[in-house]
Amino acid sequence: MSKPRFDDPDLHTPEHDAIMCWLDENAHEALVAAFGDLAGLGVRSTTWEEPFKFSGGTRFIDMVIRGRWVFGFVGMEGYVELACEVKPSIRSVGELVRQLRQYGGQGEKYGGQQRRRVAVVCPDDRAREIIESQGFLFIKAPQPDCR
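Residues numbered from 1 in each chain as written. Predicted model: local features only at pLDDT ≥ 70, side-chain atom pairs only at ≥ 80, totals over all residues. Heavy atoms only, no water.

Focus on the side chain of Arg116
Structurally, Arg116 can be placed in strand S6 (residues 116-122). Side chain to side chain, Arg116 and Glu81 meet in a polar contact 2.9 Å long. (Helix = DSSP H or I, 4+ residues; strand = E, 2+ residues; numbered from the N terminus. Polar contact = N/O pair within 3.5 Å; in protein donor to acceptor, adjacent residues only side chain to side chain.)

Here you go:
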């Protein structure tokens, strides 16, 4: 049985860094894209390269955006989490989907609302339909300008 490979050559590129910076600056918009405009939705934190343990070892999620939301009619608070895989380009959709599945899927619901989502952030949206059909979110980033 072969071990899944997750060598990410994009991680060492200025394009990857540029998309990460864009995502960090637009974290609120990413949360709204993932969870809708929930009452009181706001960014609590953005964590770059967060370690994530799974049965095959430890991976690093490019960025995890955590937010809070409020059930306005009852005044209860909750949290949401968006795990983002940043890709300047997608070389293999199959390998990407396998990688995303390692992050544990979409998480539990609370009050009918997903609390955790997994997203691909990439300027190239040719694989968007496949990624979304597999239950993941796709966020189109601007093409990085790394001159």
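Structure shown, so let's carry the discussion forward.
Observations concerning the pattern of salt bridges
Taken as a whole and assessed by the stated rule, the structure comprises 7 salt bridges. Among the ionic pairs, Arg66 bridges to Glu50, the shortest N-O distance being 2.7 Å. One end of the pair, Arg66, is in strand S2 (residues 57-71); the other, Glu50, is in strand S1 (residues 42-54), and 16 residues separate them in sequence. With respect to burial, Arg66 and Glu50 carry one shared label: buried. For Glu85, the salt bridge identified is with Lys87, shortest N-O distance 3.6 Å. Accessibility assignment for this pair places Glu85 and Lys87 in one class, buried. Where salt bridges share partners, they join Glu50, Arg66, Glu81 and Arg116 into one cluster. (Salt bridge = Lys/Arg side-chain N within 4 Å of Asp/Glu carboxyl O. Buried < 20%, exposed > 50% of the residue type's maximum accessible area, 1.4 Å probe, protein only.)

Quick notes on the packing of helix H1 (residues 14-25) against helix H2 (residues 27-35)
At a minimum axis separation of 4 Å, H1 and H2 run at an interaxial angle of 75°. Classified by the angle their axes make, H1 and H2 are roughly perpendicular. On the side of H1, the interface is formed by Leu23, Asp24 and Glu25, while H2 contributes Ala27, Glu29 and Ala30. Its residues placed into classes, the contact of H1 with H2 shows 3 nonpolar, no polar and 3 charged. (Axes fitted to C-alpha atoms, helices over the stretch in contact; angles between N-to-C directions. Parallel < 35°, antiparallel > 145°, perpendicular 65-115°, else oblique. Contact = heavy atoms within 4.5 Å. Nonpolar A, V, L, I, M, F, W, Y, C, P; charged D, E, K, R; others polar.)

Re the pairing of strand S7 (residues 137-140)
Both S6 and S7 contribute to a ladder of 4 bridges, which runs parallel. Note that in S7 the partner of Cys122 across the bridge is Lys140. (Pairing = 2+ DSSP bridges.)

As for the nonpolar core
Within the largest apolar cluster, 21 residues are counted, with the highest numbers of intra-cluster contacts made by Leu23, Leu31, Ile65, Leu82, Cys84, Val121 and Ile139. Put simply, the parts of the chain that give this core at least two residues each are H1, H2, S2, strand S3 (76-86), S6 and S7. Here the element with the most residues in this core is H2; it accounts for 5 residues. Those residues within four positions of Ile139 in sequence are excluded, and the remaining contacts are Trp22, Ala30, Leu82, Ala119, Val120, Val121 and Cys122. In terms of nonpolar packing, the next biggest core, distinct from the first, is built from 15 residues, Ala83, Leu100, Val118 and Val120 among them. (Core = buried A, V, L, I, M, F, W, Y, C linked by side-chain atoms within 4.5 Å.)

Notes on the environment of Val93
Checked against the element boundaries, Val93 lands in helix H3 (residues 93-101). Residue Val93 is classed as partly exposed on the basis of its relative accessible area, which comes to 23%. Linking Val93 and Arg128, residues 35 residues apart in sequence, is a C-alpha distance of 9.7 Å. Setting aside chain neighbours within four positions, we find Val93 in contact with Ala127 and Ile130.

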